[in-house]
Amino acid sequence: MRLYDNLIAETLKAIADSGNVRSFPVRGNAWKCNASSEFIMARDAALELGGSGEPSVNYTCPTTSGKVGKDEILICGRDINEIKGDTAFARIVLLETEDLGEDTDSERAFRAIRELDFVRYHVFPKGYMVRVSAQSNQEQVRISRDALNAGMDFERIGAAYAAKYKAVNLVKHVRIIFITDRKLVEALRPNADKVDSITKTLTHILDGLPTDCGHCSMKSVCDEVDGMRELHLGKSKN
Ligand code: SF4
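What comes next concerns the included structure. None of the values given here were measured: they were computed from a predicted structure.

About the thresholds
- Residues numbered from 1 in each chain as written.
- Predicted model: local features only at pLDDT ≥ 70, side-chain atom pairs only at ≥ 80, totals over all residues.
- Near = placed C-beta within 6 Å.
- Helix = DSSP H or I, 4+ residues; strand = E, 2+ residues; numbered from the N terminus.
- Nonpolar A, V, L, I, M, F, W, Y, C, P; charged D, E, K, R; others polar.
- Pairing = 2+ DSSP bridges.
- Axes fitted to C-alpha atoms, helices over the stretch in contact; angles between N-to-C directions.
- Expected span 1.5 Å × (residues − 1).
- Bend = angle between axes of the 7 residues up to and from the residue.
- Buried ≥ 20, exposed ≤ 12 C-beta atoms within 10 Å, placed from the backbone.
- Contact = placed C-beta atoms within 7 Å.
- Core = buried A, V, L, I, M, F, W, Y, C linked by C-beta atoms within 7 Å.

### Some thoughts on the site of the ligand
- Neighbouring the ligand are 14 residues, the closest being Cys213, Cys216, Met218, Cys222 and His232.
- Those elements that provide at least two residues to the shell around the ligand are helix H5 (182-206), helix H6 (219-224) and helix H7 (228-237).
- Residues belonging to the shell around the ligand are distributed by class as follows: 8 nonpolar, 3 polar and 3 charged.

### Quick look at the sheet that holds strand E6 (residues 128-133)
- The strand order E2-E7-E6 describes an open sheet built from 3 strands, whose pairing is antiparallel. Each edge of the open sheet carries a strand with a single partner, namely strand E2 (45-49) and E6. Taking each pair of neighbouring strands and ignoring which way they run, the sheet shows an average axis angle of 15 degrees.
- Summarising the sheet, E6 and strand E7 (residues 138-144) pair through 6 bridges and their orientation is antiparallel. Looking at E7, one finds that arginine 131 is bridged to glutamine 140.

### Describing H5
- For H5, built from 25 residues, the straight-helix expectation of 36 Å at 1.5 Å per residue is met to within 8% by its first-to-last C-alpha distance of 36 Å.
- The largest bend along H5 measures about 30 degrees and falls at leucine 188, with the proline proline 190 one to four residues further on.
- Within H5, the full set of buried residues consists of Leu184, Val185, Leu188, Asn191, Ala192, Val195, Ile198, Thr201, Leu202, Ile205 and Leu206.
- Trailing H5 by a residue or two, glycine 208 shows a phi angle of about 100 degrees, which is positive.

### Side note on the environment of glutamate 38
- Within the fold, glutamate 38 resides in the loop between strand E1 (21-24) and E2.
- We classify glutamate 38 as partly exposed; it has 16 C-beta atoms within 10 Å.
- Sequence separation between glutamate 38 and valine 26 is 12 residues, and the spatial gap between their C-alpha atoms is 25 Å.
- Setting aside residues no more than four positions away along its own chain, glutamate 38 makes contact with Phe124, Lys126 and Met129.

### Some thoughts on helix H4 (residues 154-166)
- Under the 1.5 Å per step criterion, the end-to-end length of H4 is 18 Å for 13 residues, consistent within 8% with the ideal 18 Å.
- Buried within H4 are the following residues: Phe154, Glu155, Ile157, Gly158, Ala159, Tyr161, Ala162 and Tyr165.

### Details of the nonpolar core
- Ranked by size, the top nonpolar core spans 63 residues in total, and within it Ile177 and Val185 carry the most contacts.
- Sorting elements by how many residues they give to this core places H5 first, with 9 residues.
- If near-sequence neighbours (up to four positions away) are discounted, valine 185 is found in contact with Pro55, Val57, Ala88, Phe89, Ala90 and Ile179.

### Let's talk about the pairing of strand E8 (residues 171-179)
- Among the 9 residues in E8, 8 count as buried, and that is most of the element.
- Summarising the sheet, strand E4 (residues 72-76) and E8 pair through 5 bridges and their orientation is parallel. Bridge pairing in E8 links cysteine 76 to isoleucine 179.
- Two strands pair when backbone bridges link them, and strand E5 (residues 89-97) and E8 are joined in this way by 8 bridges, in the antiparallel orientation. When the bridges of E8 are listed, leucine 95 appears paired with valine 174.

Set out below in structure tokens:
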């Protein structure tokens with residue numbers, strides 16, 4: 001699985017170029033999580049990330065090519081305890097996985113993609129309410145006053161996400177990236193749409209899309225993404 005590799009490279013480059021990044025190893029200090037989502041009332045909120053008209057981006061890129069390389073939490077911009085008022089927000093996840101088997105076993109690949117997607121919606125840190133809009137690739141977060149006073153930070157939230165991803169057998173390494181630098185959030189926004197197009201095209205291919213490039217609505221994706229056309233045409237020969 002190398003379809004997302006250009007986007008992974010672009011994301012890491014943009015973050016490095018921002019000159020405003022802190023890196024943490026993934027340690028066993030995950031913020032305590034609830035079993036299910038928690039509703040935080042506006043009157044109990046200390047901070048809103050990615051809401052109130054601020055830009056917000058969320059995407060996940062899996063790869064098997066070694067580009068992720070290690071477990072890491074990255075923070076670009078202000079950490080939770082440094083934020084004053086509403087702020088832009090992005091959470092990006094880069095995953096190094098075992099081979100998803102998309103060339104040989106569509107069912108297995110489908111299950112793997114669903115399992116990885118499941119994680120995104122099933123991490124519930126205490127005092128950290130997530131509202132996801134899958135359609136617009138946005139993620140908004142409301143942080144409670146109690147959580148802020150108890151010392152919540154992105155390193156510990158990231159460790160909670162990392163633990164959940166690492167619990168999936170397929171996942172070898174994970175980098176969880178939090179961004180509150182407005183310029184960087186806006187710069188990375190187009191990547192979320194590209195990730196979406198790749199994932200949709202891949203899903204259609206695994207679902208048995210006919211190999212007719214001349215009449216295919218996915219052509220623009222295949223023209224841009226290295227390996228997508230080879231994957232589909234190679235798969236049809238198998
Ligand atoms: S290889 Fe051709 S048929 Fe297959 S998804 Fe790409 S454009 Fe469509």
